Amino acid sequence: MNQLPIISIIPMKPISDAKSRLSPYLGSPDRQKLALNMLRLVIKAASAASKEVWVLGSDPITKEIALSEGARWKNERGNEVNQSLRLSFEEVWALQAAALFLPGDLPMLHRKDVMQLTRLARGIGTVALAPAGSSGGTNGILLPTESNFYPRLGPDSFKKHLLQSIQTGLKPAVYISPGLSLDIDTWTDVEACEAVKP
């Protein structure tokens, strides 16, 4: 990637809202513990390929965990996650670094997943994307240099990101791996993770 350093960006919801779709199965303390443990894992995996890891959020408990794992804490800006992420991309590019988005809920993420993803986007005019399993979401975006690309996290975001890449003149590369595919939103996701990592 022309030796550009990488800064990973992990947006996090307030811990009180963590994994609310699991509430029929897990109480709030267990959901919070799950979310924070996954954040620790993602920070460690991202650190293997990153000059810095930034955690975006507004929650003091999450901030404490992020700092304890060696990440930098960034107060969330913007009105919603996509705006906050775009502002962070711009901040990273201003530092002459490549911007890598990773969600904080990837229980099987390994450093090799991050390393492989970063190898796909090299230089000006490229973007690497990692789709989320069967949900249609996006679990990784690497943008080596400044572009008009705007994150569209949410339903069917992978298709939107792929289309937007082409429309903005970027050359997309797609990386698929178990570590980047499985995120935890539903109890089915938890069972899928337990089937692989009991």
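Residues numbered from 1 in each chain as written. Predicted model: local features only at pLDDT ≥ 70, side-chain atom pairs only at ≥ 80, totals over all residues. Heavy atoms only, no water.

## Points about the sheet that holds strand β7 (residues 171-174)
Strands pair in a sheet through their backbones, by hydrogen bonds, and they do so in one of two ways: parallel or antiparallel. Here we have seven strands laid out as an open sheet, ordered β3-β2-β1-β4-β6-β5-β7, and mixed in their pairing. Two strands lie at the open edges of the sheet, namely β3 (72-75) and β7, each paired on one side alone. Each strand of the sheet is rotated relative to its neighbour by a mean of 20 degrees, with strand direction disregarded. Relative to strand β2 (residues 52-57), strand β1 (residues 6-11) runs parallel, the two sharing five bridges. The residue bridging Ser-8 from the neighbouring strand is Val-53, located in β2. Strand contacts of helix α4 (residues 111-120): β1, β4 (98-101), β5 (126-131), β6 (138-143) and β7, with the helix running at about 145 degrees to β5, the strand carrying the most contacts. (Pairing = 2+ DSSP bridges. Helix = DSSP H or I, 4+ residues; strand = E, 2+ residues; numbered from the N terminus. Axes fitted to C-alpha atoms, helices over the stretch in contact; angles between N-to-C directions. Contact = heavy atoms within 4.5 Å.)

## Side note on the packing of aromatic side chains
This structure, assessed with the given rule, holds one aromatic pair. Seen in terms of ring centroids, Phe-89 and Trp-93 are 5.9 Å apart; in terms of plane orientation they differ by 40 degrees. Their pairing is tilted. A residue pair is termed a helical-turn pair when its members lie 3 or 4 positions apart in one helix, as Phe-89 and Trp-93 do in helix α3 (residues 81-94) at four residues. Lying over the aromatic face of Trp-54, Lys-74 brings its terminal NZ or CZ to 4.3 Å of the ring centre. (Phe/Tyr/Trp six-rings, centres within 6.5 Å; stacked < 30°, edge-to-face > 60°. Lys NZ or Arg CZ within 6 Å of the ring centre and 35° of its normal.)

## So, the nonpolar core
By size, the foremost hydrophobic cluster in this structure holds 32 residues, and its most contacted members are Ile-10, Ile-43, Val-55, Leu-102, Leu-109 and Leu-180. For this core, the secondary structure elements donating two or more residues are β1, α1 (28-47), β2, α2 (60-68), β4, α4 and β5. Of all the elements, α1 adds the most residues to this core, at seven residues. Among residues more than four places away in sequence, those in contact with Ile-43 are Ile-10, Val-53, Val-55, Ala-66, Glu-69 and Ala-71. Formed by 18 residues, the second largest nonpolar core is a distinct cluster that contains Ile-9, Trp-54, Trp-93 and Phe-158. (Core = buried A, V, L, I, M, F, W, Y, C linked by side-chain atoms within 4.5 Å. Buried < 20%, exposed > 50% of the residue type's maximum accessible area, 1.4 Å probe, protein only.)

## What to know about unusual backbone geometry
The phi dihedral of Gln-96 falls on the positive side, at around 60 degrees, and the residue is not glycine. Judged by relative accessible area, Gln-96 falls into the exposed class, the value being 56%.

## Focus on the pattern of salt bridges
When their charged atoms lie close together, side chains carrying opposite charge are able to pair. By the definition in use, this model includes six salt bridges. Here Asp-105 ties to Lys-19 by a salt bridge, and the two come within 2.7 Å at their closest N and O atoms. With a gap of 86 residues between them, Asp-105 in the loop between β4 and α4 and Lys-19 in the loop between β1 and α1 connect regions that are remote in the sequence. Comparing Asp-105 with Lys-19 shows no difference in burial state: the two are buried. Of the charged contacts, one joins Glu-91 and Lys-74 as a salt bridge, the two residues approaching to 2.8 Å between their closest N and O atoms. Taken together, the residues span a long stretch of sequence, with Glu-91 in helix α3 and Lys-74 in strand β3 at a distance of 17 residues. Exposure remark for Glu-91: the relative accessible area of 26% places this residue in the partly exposed category. Connected through shared salt-bridge partners, Lys-74, Arg-77 and Glu-91 make up one network. (Salt bridge = Lys/Arg side-chain N within 4 Å of Asp/Glu carboxyl O.)

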